[in-house]
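Residue strings, one per chain:
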Amino acid sequence: MEKKDLRIVFLGTPDFAVESLRRIVEEGYNVVGVVTMPDKPAGRGHRMYQSPVKEFALEKGLRLMQPAKLKDPEFVEELRALDADLFIVIAFRMLPEVVWTMPRLGTFNLHASLLPRYRGAAPINWAVINGDKETGVTTFFLKHEIDTGDILRQERIAIGDDENVGSVHDRLMALGAELTLDTISHIIAGDLRPRPQAELTGGAEPAPAPKIFRDTCHIDFGCPAEEVRNLVRGLSPYPAAWCELRRGDDPDGAPLSVLKVFDSRKADARGLKPGEVSAEGGRLLVGCGDGQALELTEVQPSGKRRMTAGEFLRGARLPENLVMG
């Protein structure tokens, strides 16, 4: 089968999905339709937000669909009328069976983890938060339960000790686009040998990768320093870990500042108790639960720009007795 003869529908939303869609188009595949989420108001001005996938589809003149409900009969019929051979899903919503069973060659998903290691909405974040040394991307055929389908292809990368989720995301985005093209070519050739995920678990339970909420991002300095550092790495640059800076003699009072933390490193504890702060010499150190300390090196106070800890301390005029939590 020639590339131009393979009719593809692409379903996705964020930047992570755009890179794969771009490569599919550049390689000359016939993308007969693109499905993404409806526009929605965002920001203080409530301006209508278009997904990155929509912006790319409009730029390339691709047929675009934005159903509010994926089971809507009009959408299902519009999709069926495209007579697609293959659906490709990347960072999209959970599909109803009437959709993912439609194409004759099936529907495959690109997932940003080494399945079955992480299942859920935020696999890249949780790999870094949990201190993993490697991660990767996986393609698999869809089935009823989310992220449980038979594995088609996988690629691995190492996670650097000082790497944050932003850089891991970007590397996986590029790697995922390559794996998507590789999977398509093997589907065309008909030589794939899908593997049930149960064969790869080694008896271990798959790790969850739930959606990140504000409470997920709150730093608990009662935890070991390395665990806190990994949380910071796994949430930087977005949505960012956060903590509250308070007076030590009034720890339950209103915070002096709420800080997002973008970078940190382990440091000599200097006798600091968990949550106790040292703000001397332009350095912002916080004691952790294992007797070590963490130096917060890049922060963002509420309503202000991102800055070094030294810049923050020079402008904050903080009292001496401080705690963080």
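Everything below is about the structure shown above.
Because the structure is predicted, anything quoted here is derived from the model rather than measured.

Q: Account for the environment of Gly 131, naming residues and giving values.
A: Along the chain, Gly 131 turns up in the loop between helix H5 (123–129) and strand E9 (134–141). For the pair Gly 131 and Ile 159, spaced 28 residues apart in the sequence, the C-alpha separation amounts to 8.8 Å.

Q: Just give me the short version of the pattern of salt bridges, but keep the residues and values in it.
A: Enumeration over the complete set of coordinates arrives at 25 salt bridges. For Glu 27, the salt bridge goes to Lys 3, with nearest N and O atoms at 3.2 Å. In this pair, Glu 27 sits in the loop between helix H1 (15–26) and strand E2 (30–35) while Lys 3 sits in the segment before strand E1 (7–12), placing the two residues 24 residues apart along the sequence. What makes Glu 27 partly exposed here is its relative accessible area of 33%. Given a relative accessible area of 34%, Lys 3 falls into the partly exposed group. A salt bridge links Arg 283 to Glu 295, with the shortest nitrogen-to-oxygen separation between them at 2.8 Å. With Arg 283 in the loop between strand E14 (277–278) and strand E15 (284–287) and Glu 295 in strand E16 (residues 293–301), this pair connects stretches of sequence that are 12 residues apart. A relative accessible area of 29% places Arg 283 in the partly exposed class. In this structure Glu 295 comes out as buried when scored by relative accessible area, which is 5%.

Q: An account of H1 is requested, with residue identities and associated values reported.
A: Look at H1: 17 Å from first C-alpha to last across 12 residues, which is about the 16 Å you get at 1.5 Å a residue. Residues Phe 16, Ala 17, Val 18, Ser 20, Leu 21, Arg 23 and Ile 24 constitute the buried set of H1. Gly 28 occupies a position one or two residues after H1 and carries a positive phi of about 90°.

Q: Lay out the packing of aromatic side chains in plain terms, naming residues and giving numbers.
A: Under the counting rule described, the total for this entry stands at 0 aromatic pairs. One residue, Arg 214, lies across the ring of Trp 242, its end atom 3.9 Å from the ring centre. Positioned above the aromatic ring of Phe 262 is the side chain of Arg 306, whose terminal nitrogen or guanidinium carbon lies 4.1 Å from the ring centre.

Q: Talk me through the side chain of Lys 54; I want residue IDs and the actual numbers.
A: Mapped onto the elements of the fold, Lys 54 is located in helix H2 (residues 52–60). With a relative accessible area of 8%, Lys 54 lands in the buried category. Only 2.8 Å separates the side chain of Lys 54 from the side chain of Asp 39, close enough to count as a polar contact. Within the structure, Lys 54 has its side chain in polar contact with the side chain of Gln 66 (distance 3.1 Å).

Q: Help me get a handle on the pairing of strand E6 (residues 86–90), residues and values and all.
A: Burial within E6 is extensive, with 5 of its 5 residues counted as buried. Burial along E6 is two-sided: the face carrying Leu 86, Ile 88 and Ile 90 and the face carrying Phe 87 and Val 89 are both buried. One ladder, built from 5 bridges, connects E1 with E6; its direction is parallel. The partner of Gly 12 across the bridge, within E6, is Ile 90. Two strands pair when backbone bridges link them, and E6 and strand E7 (residues 107–111) are joined in this way by 4 bridges, in the parallel orientation. Counterpart to Phe 87 in the pairing with E7 is Thr 107.

Q: Quick rundown of helix H6 (residues 165–189)? Include the residues and the values.
A: Compared with the 36 Å implied by 1.5 Å per residue over 25 residues, the 35 Å span of H6 between its first and last C-alpha is a close match. Put simply, Asn 164 is the residue that caps the front of H6, since its side-chain oxygen is 3.0 Å from the backbone nitrogen of Gly 166. Downstream of H6 by one or two residues, Gly 190 has phi in the positive range, about 75°.

Q: Mind laying out the nonpolar core, listing which residues take part and the relevant values?
A: Of all hydrophobic cores here, the largest spans 73 residues; its most connected members are Ile 24, Ile 88, Leu 172, Ile 184, Ile 219, Leu 284 and Met 324. Broken down by element, this core gets its largest block of residues, 9 residues, from H6. Of all hydrophobic cores here, the second largest spans 21 residues; its members include Val 32, Leu 70, Val 99 and Phe 140.

Q: How would you sum up the sheet that holds E7? Please name residues and give values.
A: Strand order in the open sheet made by the 7 strands is E5-E2-E1-E6-E7-E9-E10, with mixed pairing throughout. Only two strands of the sheet have a single partner each, and these edge strands are strand E5 (64–65) and strand E10 (151–158). Bridge count for E9 against E10 is 7 bridges, and the pairing is antiparallel. Bridging from a neighbouring strand, Thr 139 pairs with Arg 153 of E10. Set on the sheet, H1 makes contact with E1, E2, E6 and E7; between it and E1 the angle comes to about 165°.

Rules used throughout
Residues numbered from 1 in each chain as written. Predicted model: local features only at pLDDT ≥ 70, side-chain atom pairs only at ≥ 80, totals over all residues. Heavy atoms only, no water. Helix = DSSP H or I, 4+ residues; strand = E, 2+ residues; numbered from the N terminus. Salt bridge = Lys/Arg side-chain N within 4 Å of Asp/Glu carboxyl O. Buried < 20%, exposed > 50% of the residue type's maximum accessible area, 1.4 Å probe, protein only. Expected span 1.5 Å × (residues − 1). Phe/Tyr/Trp six-rings, centres within 6.5 Å; stacked < 30°, edge-to-face > 60°. Lys NZ or Arg CZ within 6 Å of the ring centre and 35° of its normal. Polar contact = N/O pair within 3.5 Å; in protein donor to acceptor, adjacent residues only side chain to side chain. Pairing = 2+ DSSP bridges. Core = buried A, V, L, I, M, F, W, Y, C linked by side-chain atoms within 4.5 Å. Contact = heavy atoms within 4.5 Å. Axes fitted to C-alpha atoms, helices over the stretch in contact; angles between N-to-C directions.

All we've got here are geometric facts, nothing functional implied.
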